[in-house]
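Per-entry structural report
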Amino acid sequence: MAKQLIREALVDEIMCDLLNGMSRFQVRRKLEEDQYETRKTSDMNYCKKMELIAECFKRFALETKDERDAARDIM
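Residues numbered from 1 in each chain as written. Predicted model: local features only at pLDDT ≥ 70, side-chain atom pairs only at ≥ 80, totals over all residues. Heavy atoms only, no water.

Notes on the overall build of the chain
Operational definition: Strands here mean DSSP runs of E at least two residues long; helices mean DSSP runs of H or I at least four residues long; both are numbered from the N terminus. Two things to know: the radius of gyration comes from C-alpha atoms, and the globule rule equals 2.2 Å times the number of residues to the power 0.38.
In terms of helices and strands, the chain carries 3 helices and 0 strands. Starting at the N terminus and walking to the C terminus, you meet the elements of the chain as α-α-α. Against the 2.2 N^0.38 benchmark of 11 Å for 75 residues, the chain shows a C-alpha radius of gyration of 14 Å, more extended than a compact globule. When the backbone C-alpha atoms are referred to their principal axes, the chain occupies close to 50 × 30 × 20 Å.

Some remarks on the confidence of the model for the chain
The condition is simple: Confidence of the prediction at every residue is given by pLDDT, a number between 0 and 100.
On average, the chain scores 87 in pLDDT, and the residues at 70 or more come to 97%. For the chain, helix H3 (residues 46–74) is the element with the lowest average pLDDT, namely 84, and helix H2 (residues 24–32) is the one with the highest, namely 94.

Structure (structure tokens):
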């Protein structure tokens, strides 16, 4: 359970960086250099890092879809 919470915290940190305008390359570099406070990320392989970034974009798409549906209901 604690592992899942740590992963979620890392995803939240990555999402914040992406929302603040950071590129995928910059986020990946930050992962490679252990610049996230949540956990040590330099030991992750390339695919795992890219999966984390892809998950963030998937969550953005879901949130946007929910907002569009809510706005459509209001209209």
